[in-house]
Amino acid sequence: MSNCLSWLVLAGGIATMIVTAYMMRAGASPVPVMDQWWFLTRLRLLGGGSPLRFLWEQHNEHRILVPRLFYLTDLYVFGGSNRFLLIVLYAIQLAHLCLFGWIFGHLGGLRGKHWRTVVGIAAFCLFLPVPEIFTRGWEIAWVLPFFCATAGVAAVARLASAGGFRSSWIVISWLAALVASLTLSNGFLVWPLLCLTIVLLRVRKAAIFATGLVGAVAVALNSIGYKSGRAQALDGTGSKFLAGADPIGALRHPGAIADFVLRCFAASWPAPIQTLAFWVSVIAIVATLAGMLWIFVRRPRSLVFVVVLLLAAFQILTATVIALARWNLGIADRYQATVMLFWAFMGGICVLAMATRAAPMVLALFQIAILALMAMAAPRFSSILREVQTRKQSLAIEAAALATGVDDLETLYELPRKDSAFASSEFLHDQHRSFFRLAPERALGRSTREFAVTSVQRCEGQIDFVEPVADQRWPGARVSGFAWDRQLQKPVEQIILATDGVVRGIGNSDILVRSSGTGPDSPGQHSTWRAFLPPAVKAVTLQAYGMLDEHTVCALGGSRQISADAFSVKALYTSESDLAGMVPLWRPSDGVPTIYDGAAAINGKTLVIHSTGIDTQMFFPSPVRLNRFHIIVFKALFEKSDLLELFFGQMINGRGISGTVPIAGEWVYVFANVGTNPYWKDEAGIRFRFDPTSAAAAGSTVRIAGVWGEEAQLPDRTPSFETKLCADPPK
């Protein structure tokens, strides 16, 4: 029985590898993400400077010389597509899996059903489809040190198992540790790991001293000119995210560190058994530490038990170091790379023990438990695929905003530094790399006569809204609508906008929504899209097209005349007289609403809200049930352009809307189009929550002079939040 089950476990691991490969292909995008923008900024600022200086300089707390070599290869050899990086990342994990097979097969002597079970578990753990790891080429820097740790220890184990002494294996272990050290700061932990391995595997003492000396030199070289991540954040040379890092403060909160580590380990398990996962994590960590004590005291002859326990303990140490550095900044999905390695080693230790002592039925029960975990994880795979496809769409829209030079806050809110991102975007444009190799970006500036226009029956769609983006440095217009390919029965993904016959704007499909129907060929559903257009100084004729391929387009409805005022939010003014007929829901005379993570007080005719944290929340009562309204209107002044959120009912699980306010420092009317939420009509009660600031605007001030409700029905595809300037600001 256990023999058949071992094949199923192996098949589960291989299936996971296939799913992850498919996810990587589906989510691959040339658009830089997070740290990649910082890499481009530093590369752009290097100019004609020393390449060695660029390779050596810090990235937050890390020296990432080795990953930078891969990033430069992708940019200059493969055009910045990110595909090369993803292939390398997958290859690293595949090589790691081969090392697993060698450790348990050669050192552990496992054969047949036991070896297949271990390899199946390792494949499942190494290739668990975590989007943050497997769809971002940057994460080479995250997986490579763990492979190097395993490779370095395996090299020492190979030397110990050979009987003699060959210095080449020690040199290989040094190279692995050096690559790890020049990839991520936790790579420096590989040096003491190697020394400990040499001691426990009874390799020559000279190897210990030589390894310690080489490791000490590597640490000393790294310390030259080294700055902490927090220091870099404060002086502008590193990520602002790390300004809140407090490793020293972590020592005063050991409970928070332990909780962080345990939550990391439990997060890798399926959601329905999180409580069980927490306690299993406690037991596994305690057992690993007890095993380490055992091998120190007893010095067992079994190489494989020593190697696997050391590598499992290394993952615990790495998670603890992460907790010390990030304990107050939250848990990132990429931390699962080290956690899943730990569980792979734990699974291997269990199989090793069963191979030597346990009855066959015990192995069969263990295999059934592993298969059950795989089965529980499988339903999540489909939602992960949807998640990465949606993320790819969002990145394409982000690229459209950058390529057209329009700073749409709702689209570009994740960018760490807008000015650097736009400058790096110009850098990529000049070199024709990254997302500037995509078809819509290549279409910019071309005449529409260069494209073949298909029959009007091919596509269905139109322009719904042209909204101004009022950024002082990168203004323009956000254009939205819907598009559907009747022939292929799917959304039209890529959008171009032409003004007076020349392609000036581009965009991408956004979401697939269900409605009363948009035509006989697509009843009940259509695809929305979002595109961006740089400002025009005169009235223009706007026409939207869907790109079917690089040379073929289809017209989306008729053309539309827009004036130069469409690009200026200054033309959109409203006063309280325009709100006649709306129902007042709150006035300053009604008192201060309940507030969390902030402070509020009435000052004259306004409510003054000061955000003191990253999630300021206001709870407004209503004199009537809210579900009769389709719009909630705020008269407000925001110190910073920011994201907004409004929640109702359960206030979770989709009971809310989010959007942006593009204007800072001026009184505005914000129209929260709550009627667009499918739960609003049935669940909105007599209270709602309004989040006037996001983490990006923590510490800022918001003023509110009134809240109203509007019963008028909204048209389809109305944006969640709209903003108009206030013609009658409070005195």
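Residues numbered from 1 in each chain as written. Predicted model: local features only at pLDDT ≥ 70, side-chain atom pairs only at ≥ 80, totals over all residues. Heavy atoms only, no water.

Asker: Whenever I open this one, the overall build of the protein confuses me. Can you help?
Answerer: The number of helices and strands found in the protein is 22 helices and 25 strands. By residue count, 54% of the 731 residues in the protein fall in the buried class. For the protein, the proportion of contacts with a sequence separation of at least 24, taken over those separated by at least 6, is 74%. A total accessible area of about 31000 Å² is found for the protein, and carbon and sulfur atoms account for 60% of it. (Helix = DSSP H or I, 4+ residues; strand = E, 2+ residues; numbered from the N terminus. Buried < 20%, exposed > 50% of the residue type's maximum accessible area, 1.4 Å probe, protein only. Contact = heavy atoms within 4.5 Å. Areas by Shrake-Rupley, 256 points an atom, 1.4 Å probe, with all protein chains shown as cover.)

Asker: Would you take a moment to explain the sheet that holds strand 20 (residues 642-647) for this structure?
Answerer: Through backbone hydrogen bonds, the strands of a sheet pair up, either in parallel or in antiparallel fashion. Spatial strand order, 15-18-23-20-21: five strands in an open sheet with antiparallel pairing. Edge strands, defined here as strands with exactly one partner in the open sheet, are strand 15 (594-596) and strand 21 (656-661). Averaged over all neighbouring strand pairs, the angle between strand axes comes to 20 degrees, with direction disregarded. The pairing of strand 20 with strand 21 spans six bridges and is classified as antiparallel. If you follow Phe647 over to strand 21, its bridge partner there is Gly656. (Pairing = 2+ DSSP bridges. Axes fitted to C-alpha atoms, helices over the stretch in contact; angles between N-to-C directions.)

Asker: Can you walk me through the state of the cysteines in this structure?
Answerer: Think of a disulfide as a covalent bridge from one cysteine sulfur atom to another cysteine sulfur atom. The tally for this structure, following the rule as stated, stands at one disulfide. Two residues share a disulfide in this structure: Cys459 and Cys554, whose sulfurs sit 2.1 Å from each other. Of note, the bridge from Cys459 to Cys554 carries an S-S torsion of about -85 degrees and is left-handed in sense. Remark: Cys554 occurs in strand 11 (residues 552-555) and Cys459 occurs in strand 4 (residues 459-469); sequence separation between them is 95 residues. Judged by relative accessible area, which is 1%, Cys554 ranks as buried. (Disulfide = S-S within 2.5 Å.)

Asker: Which parts of the structure should I look at to understand the packing of aromatic side chains?
Answerer: Pairs of aromatic rings are described using the distance from one ring centre to the other and the angle between the two planes. Enumeration according to the criterion identifies 27 aromatic pairs in this entry. Taken together, a centroid distance of 5.5 Å and an interplanar angle of 80 degrees make the contact between Trp586 and Phe620 edge-to-face. Of the two residues, Trp586 is situated in strand 14 (residues 583-586) and Phe620 in strand 18 (residues 617-621); the sequence distance between them amounts to 34 residues. Each member of the pair, Trp586 as well as Phe620, is classed as buried. On the basis of an interplanar angle of 20 degrees and a centroid distance of 4.1 Å, the ring pair of Phe634 and Phe690 is categorised as stacked. Here the residue Phe634 occupies a position in strand 19 (residues 631-638), and Phe690 occupies one in strand 23 (residues 687-691), the gap between them amounting to 56 residues. Using a relative accessible area of 0% as the deciding quantity, one classes Phe690 as buried. A network of ring pairs unites the aromatic residues Trp586, Phe620, Phe634, Phe688 and Phe690 as a single cluster. (Phe/Tyr/Trp six-rings, centres within 6.5 Å; stacked < 30°, edge-to-face > 60°.)

Asker: Even after reading the chapter, I still don't get the pattern of salt bridges, so can you show me in this structure?
Answerer: As a working rule, side chains carrying opposite charge can pair if their charged atoms are close by. Scanning the entire structure with this criterion turns up 13 salt bridges. Ionic pairing is found between Glu450 and Arg446, a salt bridge with its closest N-O pair at 3.1 Å. The structure contains a network of salt bridges with shared partners spanning Asp408, Glu467 and Arg478. (Salt bridge = Lys/Arg side-chain N within 4 Å of Asp/Glu carboxyl O.)

Asker: Please explain the nonpolar core as it appears in this structure.
Answerer: Soluble globular proteins: nonpolar side chains tend toward being buried together. Ranked by size, the top nonpolar core spans 162 residues in total, and within it Ile103, Phe104, Phe265, Phe342, Trp343, Phe435 and Ile496 carry the most contacts. Contacts of Ile496, omitting those with residues within four sequence positions, involve Pro440, Ala443, Phe451, Val503, Gly505, Ile506, Gln543, Ala544, Tyr545, Met547 and Val553. (Core = buried A, V, L, I, M, F, W, Y, C linked by side-chain atoms within 4.5 Å.)

Asker: Please explain a nonpolar patch on the surface as it appears in this structure.
Answerer: On the surface, Trp56, Leu213, Val217, Leu221 and Ile224 cluster together into a nonpolar patch covering about 480 Å² of accessible area. Of all the elements, helix 11 (residues 205-223) adds the most residues to the nonpolar patch, at three residues. Looking at where Val217 falls in the secondary structure, it is placed in helix 11. The partly exposed category is assigned to Val217, whose relative accessible area is 43%. (Patch = residues over 30% accessible without salt bridge, like charges linked within 9 Å, V, L, I, M, F, W, Y side chains within 5 Å.)

Asker: Would you explain the pairing of strand 11 in this entry?
Answerer: Here is the key point about a regular strand: its side chains alternate between the two faces of the sheet. For strand 3 (residues 452-453) and strand 11, the ladder comprises two bridges, and the chain directions are parallel. Residue Val453 lies in a different strand from strand 11, and its bridge partner there is Val553. Where strand 10 (residues 540-547) folds back on strand 11, the antiparallel hairpin that results is connected by four residues.

Asker: Even after reading the chapter, I still don't get unusual backbone geometry, so can you show me in this structure?
Answerer: A negative phi angle characterises most non-glycine residues, just as the trans form characterises most peptide bonds. With a phi close to 55 degrees, His432 is a non-glycine residue in the positive phi region. Within the element layout of this structure, His432 appears in the loop between helix 20 (418-431) and helix 21 (439-443). We classify His432 as partly exposed; its relative accessible area is 39%. Residues other than glycine seldom take positive phi values, yet Asp597 does so here, at roughly 60 degrees. Within the secondary structure, Asp597 sits in the loop between strand 15 and strand 16 (598-603).

Asker: For this particular structure, what's the right way to read the packing of helix 5 (residues 83-107) against helix 16 (residues 303-326)?
Answerer: The relative placement of two packed helices comes down to the angle between their axes together with the axis-to-axis distance. Look at helix 5 against helix 16: their axes get within 9 Å of each other, and the N-to-C directions meet at 150 degrees. Relative to helix 16, the element helix 5 is oriented roughly antiparallel. Like other packed secondary-structure pairs, helix 5 and helix 16 cross with a definite hand, here left-handed. In this structure, helix 5 contributes Ile103, Phe104 and Leu107 to the contact, and helix 16 contributes Leu303, Val304, Val307, Val308 and Leu311. Residues of the contact of helix 5 with helix 16, tallied by class, amount to eight nonpolar, no polar and no charged. (Parallel < 35°, antiparallel > 145°, perpendicular 65-115°, else oblique. Left-handed = near helix turned anticlockwise from the far one by under 90°. Nonpolar A, V, L, I, M, F, W, Y, C, P; charged D, E, K, R; others polar.)

Asker: Help me understand the packing of helix 5 against helix 8 (residues 140-162) in this model?
Answerer: Two elements in contact, helix 5 and helix 8, have axes whose closest approach is 10 Å; the angle formed by their N-to-C orientations is 25 degrees. In this view, helix 5 runs roughly parallel relative to helix 8, as classed from their interaxial angle. Here helix 5 and helix 8 pass one another in a crossing that is left-handed. Side by side, helix 5 and helix 8 meet where Leu85, Val88, Leu89, Ile92, Gln93, Ala95, His96, Leu99, Trp102, Ile103, His106 and Leu107 of the first sit next to Ile140, Val143, Leu144, Phe146, Phe147, Thr150, Ala151, Ala154, Ala157, Arg158 and Ser161 of the second. Partitioned by chemical class, the residues of the contact of helix 5 with helix 8 number 17 nonpolar, five polar and one charged.

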